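Notes for the structure review
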Amino acid sequence: MKRKQPVPSEAPTRTVEITVDGIRRDLLVEDRELLLDTLRERVGAKAPKAGCYAGDCGACTVELDGKIVKSCLQLTAAVDGAEVTTLAGLVDPGEELDPIQQAFWDNDAFQCGFCLSGFVFAARDLLARNPDPSEEEIREAMVGNYCRCTGYVNYVAGVREAAGRISPDRSTLGPQR
Amino acid sequence: MIRTPTRYHRPDSAAGVVEILAEHGADAAVLGGGTWLLPMMGRGERAHHHLVDLRGLGAESISRGEGTIELAATATYEDVLADAELCAAQPALAAMAAGVTGGRQLRNQATLVGSACHQTPSSEAPAMFAALHAEFRVVGPAGERWVDTDSFLLGALHTALAPEEFVAAARFPDTPRVGGYVKVKIAAGGWPVATAIATRPEAGGDTELVLGAVQEVPLRIGLGSALAEDGTVRAEEVEATVAAQVTEPWADLQGDAEYRRRIAGPVARRAVERLQGGAA
């Protein structure tokens with residue numbers, strides 16, 4: 001879906017400072033701009049996907065000041081000074097995958113990968129609170145995210161496997177930046 | 001992308017919010033969590049040239065007054081869930097907050113007061129406010145007034161708010177109420193077709209039953225003969241009692257009016273059974 005539109009000259013703008021995956025950015029944004037669009041179109045961070053723009057699918061999920069959010073539901077103007085972590089910020093290219101990413105890979109949890117931001121962040125969020133979740137708890141934690149390829153079963157298996165691999169002190173989770 | 005060229009405001013006082021609303025009227029909208037408003041503006045269903053963010057007010061999400069609990073307009077579902085004392089005192093509220101559509105991300109972003117102000121019939125928070133006997137602190141050019149839930153929620157997408165007014169907070173009695181909460185959704189990502197909240201003061205008293213999503217506004221059920229002398233409910237009488245009172249069922253893509261009318265009774269009975277079984 002093509003979302004780029006010409007910028008009306010009368011659209012109010014402002015400068016915001018946000019840190020994306022550890023890199024501070026000073027950005028000129030429109031007041032009406034969604035964080036998702038700022039990340040993708042101005043920062044070039046393509047890990048959060050533009051799916052439903054309605055808060056349903058979870059593909060645009062990022063971590064915003066330590067909380068997972070759907071970036072299509074957030075005005076950039078409202079998060080001046082924030083720290084944002086995208087899926088691409090969990091590990092550097094060439095490094096070992098985050099344990100959750102690796103468990104998803106090993107379990108064929110995803111096919112196209114469009115929904116990965118939602119599922120990886122939801123799984124991290126769950127395991128940070130509950131290192132040994134039941135299947136019911138995993139399903140409950142994943143509920144805000146849509147996958148249209150796999151039918152979720154392998155995602156649930158992936159979260160269970162990740163839970164078993166992550167040490168109790170969570171020191172093996174990817175860097176928190 | 002929001003289609004209207006919109007200016008973002010973040011006043012640090014209630015007077016500042018009112019000033020902007022008074023100046024721009026319906027061309028301004030109040031931004032709580034934004035989870036309803038921003039997608040609607042993206043789809044062009046609503047157009048405002050001014051958005052007024054309440055997060056600049058810096059209100060404490062949940063505070064305690066004399067015999068009351070107050071939720072700021074910016075209090076999210078996760079703020080409620082993080083308050084263990086509140087969740088223990090109001091288990092039906094906790095059950096509702098934990099299961100709201102959209103998952104953990106939405107619970108981090110969406111606000112309960114915002115849901116009441118938007119007043120979609122299928123939303124869960126409006127009926128919960130009714131069950132909690134909440135009232136809303138409405139702030140406007142003439143000062144502030146408290147409006148009880150039944151007077152505040154007037155119809156689908158319709159509240160007692162004037163364009164130059166906003167809701168700063170909701171408060172409800174700090175009276176622990178045991179509760180049972182049940183909802184029916186067609187899909188995990190969908191909206192409720194019916195919700196039922198059965199509560200009773202922990203210290204003893206009459207059971208109360210409120211239904212959400214079955215009519216335009218939350219429906220308080222008169223329990224009549226279904227209410228036993230000790231304040232409990234004869235669960236076997238609930239279905240017929242409820243069915244007689246669902247007179248103007250809501251209809252949307254999630255469920256038509258007849259479906260809602262038919263399931264309201266069983267959903268209510270299950271909420272009563274959960275209450276009496278001791279599980280919210």
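Every value quoted in this text rests on a predicted model; they were computed, and no experiment measured them.

Some details on the overall build of chain B
For chain B, the count of helices and strands is 11 helices and 14 strands. Relative to the 2.2 N^0.38 estimate, which gives 19 Å for 280 residues, the radius of gyration of chain B is 19 Å and therefore close to what a compact globule would have. The principal-axis extents of the C-alpha atoms in chain B amount to approximately 55 × 40 × 35 Å. Scored against the burial criterion, the 280 residues of chain B give a buried share of 55%.

Description of the overall build of chain A
For chain A, the count of helices and strands is five helices and five strands. Ordering the α and β elements of chain A from the N terminus gives β-β-α-β-β-β-α-α-α-α. In chain A, which comprises 177 residues, the share counted as buried stands at 54%. Carbon and sulfur atoms make up 49% of the accessible area of chain A, which amounts to about 8,100 Å² in all.

As for the nonpolar core
One finds Leu75 of chain A together with Leu71, Leu93, Leu112 and Phe129 of chain B to be the most contacted residues of the largest nonpolar core, which totals 64 residues. With six residues, the top contributor of residues to this core is helix H8 (residues 125–131) of chain B. Residue contacts for Leu75 of chain A: discarding those within four places in its chain leaves Asp31, Arg32, Glu33, Leu34 and Leu35 of chain A together with Ile2, Tyr8, Leu31, Leu38 and Leu51 of chain B. Ala47, Phe121, Ala122 and Met142 of chain A belong to the second largest nonpolar core, which has 28 residues in total.

A short note on the pattern of salt bridges
Between side chains of opposite charge, a pair can form when the charged atoms approach closely. Using the criterion set out here, one finds 30 salt bridges over all chains in the structure. A salt bridge links Glu165 of chain B to Arg145 of chain B; the shortest N-O distance between them is 2.8 Å. Note that Glu165 of chain B is positioned in the loop between strand S9 (158–159) and strand S10 (166–173) and Arg145 of chain B in strand S7 (residues 143–148), a separation of 20 residues in sequence. A relative accessible area of 35% places Arg145 of chain B in the partly exposed class. Residues Asp252 of chain B and Arg260 of chain B are paired through a salt bridge, measuring 3.0 Å at the closest nitrogen-oxygen approach. One salt-bridge network, held together by shared partners, links Asp125, Arg129 and Glu140 of chain A together with Glu78, Arg104 and Arg107 of chain B.

Notes on the interface of chain B and chain A
Taken residue by residue, the interface counts 29 residues in chain B and 33 residues in chain A. Buried area between chain B and chain A, both sides added, is near 2,700 Å², and the carbon and sulfur share of it is 54%. Three residues, Met1, Tyr8 and Gln105 of chain B, lead the burial of chain B against chain A; their summed loss comes to 29% of the area buried on that side. Among the salt bridges present, the one from Asp125 of chain A reaches Arg104 of chain B, with a minimum N-O distance of 2.6 Å. The tally of links from chain B across to chain A stands at 15 residue pairs in polar contact (both at pLDDT 80 or more). Listing elements by their share of the side of chain B that touches chain A, those giving two or more residues are strand S1 (7–9), helix H2 (37–42), strand S3 (50–53) and helix H6 (103–109) of chain B. Sorting elements by how many residues they give to the side of chain B that touches chain A places H6 of chain B first, with seven residues. Tallied by class, the residues present in the side of chain B that touches chain A amount to 11 nonpolar, 10 polar and eight charged.

Regarding the sheet that holds strand S6 (residues 135–140) of chain B
All names here are of chain B. With antiparallel pairing, the five strands of this open sheet are ordered in space as S4-S5-S10-S6-S7. Single-partner strands in this sheet number two, and they are strand S4 (62–64) and S7. Across the sheet, the mean angle from the axis of one strand to that of its neighbour is 25°, orientation sign disregarded. As paired strands, S4 and strand S5 (residues 68–72) are joined by three bridges and run antiparallel to one another. By the bridge assignment for S5, Arg64 is matched with Ile69. In this fold helix H1 (residues 14–24) packs onto S6 and S10, with an angle of close to 130° to the strand it touches most, S10.

Considering the domain arrangement of chain A
All names here are of chain A. Split by domain assignment, chain A resolves into domain 1 (13–90) and domain 2 (99–169). Computed over C-alpha atoms only, the centres of domain 1 and domain 2 are separated by 22 Å. Contact residues are listed per partner, giving 18 residues for domain 1 and 13 residues for domain 2. When domain 1 packs against domain 2, the two sides together hide about 1,300 Å² of surface, and 65% of this comes from carbon and sulfur. For the domain 1 face of the interface with domain 2, the top three residues by lost area are Ile68, Leu87 and Leu90, together amounting to 41%. Between the two partners, domain 1 and domain 2, sit zero salt bridges. When contributions to the side of domain 1 that touches domain 2 are tallied by element, the ones reaching two or more residues are strand S3 (61–64) and strand S4 (67–70). Among the elements that line the side of domain 1 that touches domain 2, the one with the most residues is S3, at three residues. The class makeup of the residues in the side of domain 1 that touches domain 2 is nine nonpolar, five polar and four charged.

As for the packing of aromatic side chains
Here the structure, examined in full by the defined rule, presents seven aromatic pairs over all chains. When the centroid spacing of 5.1 Å and the interplanar angle of 25° are considered together, the rings of Trp36 of chain B and Trp191 of chain B count as stacked. Residue Trp36 of chain B is found in the loop between strand S2 (28–31) and H2, and its partner Trp191 of chain B is found in the loop between strand S11 (177–185) and strand S12 (192–201); the two are separated by 155 residues along the sequence. The interplanar angle of 70° and the centroid separation of 5.1 Å between the aromatic rings of Phe129 of chain B and Phe136 of chain B together place this pair among those described as edge-to-face. On the basis of relative accessibility, which here comes to 0%, the residue Phe136 of chain B falls in the buried class. Following the ring pairs from residue to residue traces out a cluster consisting of Phe104, Phe119, Tyr152 and Tyr155 of chain A. Directly above the ring of Tyr146 of chain A sits Arg148 of chain A, whose terminal nitrogen or CZ lies 4.7 Å from the centroid.

Calculation criteria
Residue numbers restart at each chain and count upward from 1, following the sequence in its written direction. Whichever chain is written first becomes A and whichever ligand is written first becomes 1, with later ones labelled in order. Confidence filtering applies because this is a predicted model: local features only for residues at pLDDT of at least 70, side-chain atom pairs given and counted only at 80 or more, and all residues used for totals across whole chains, interfaces and linings. Side-chain figures throughout are based on the complete set of non-hydrogen atoms in the structure, without hydrogens or water. Helix and strand assignments come from DSSP, with helices taken as H or I runs of at least 4 residues and strands as E runs of at least 2, each series counted from the N terminus. Only C-alpha atoms enter the radius of gyration, while the globule expectation follows 2.2 Å times N to the 0.38, with N the number of residues. Per-residue accessibility, obtained with a 1.4 Å probe over protein chains only, is compared with the maximum for each type, and a residue is labelled buried under 20%, exposed over 50%, and partly exposed between these values. All accessible areas in this document rest on Shrake-Rupley with a 1.4 Å probe, and a residue is counted as covered only by the protein chains that are shown. Joining through side-chain atoms within 4.5 Å is the link that ties buried Ala, Val, Leu, Ile, Met, Phe, Trp, Tyr and Cys residues into a set, and such a set is a nonpolar core. Any two residues whose heavy atoms approach within 4.5 Å at even a single point are treated as in contact. For this analysis, a salt bridge means a side-chain nitrogen from Lys or Arg found within 4 Å of a carboxyl oxygen belonging to Asp or Glu. A quick way to say it: buried area is the sum, across both parts, of accessible area lost when two parts are put together, with a 1.4 Å probe. In protein, a polar contact means a hydrogen-donor-capable atom and an acceptor-capable atom, both N or O and within 3.5 Å, with residues adjacent in sequence counting only if both atoms are side-chain atoms; elsewhere, any N or O pair within 3.5 Å suffices. Put simply, Ala, Val, Leu, Ile, Met, Phe, Trp, Tyr, Cys and Pro go in the nonpolar bin, Asp, Glu, Lys and Arg in the charged bin, and everything else, Gly too, in the polar bin. Two strands are said to pair when DSSP picks up at least two bridges between them. Axis definition: a line fitted to C-alpha atoms, limited for helices to the stretch in contact. Angles are taken between N-to-C directions and run from 0 to 180 degrees. Where each domain starts and ends follows an automatic or database-derived domain assignment. The aromatic pairing rule takes the rings of Phe, Tyr and Trp, using the six-membered ring of Trp, and pairs them if the centres are within 6.5 Å, calling planes under 30 degrees apart stacked, those over 60 edge-to-face and the rest tilted. In this scheme, Lys NZ or Arg CZ marks a charge over a ring once it lies within 6 Å of the ring centre and within 35 degrees of the ring normal.

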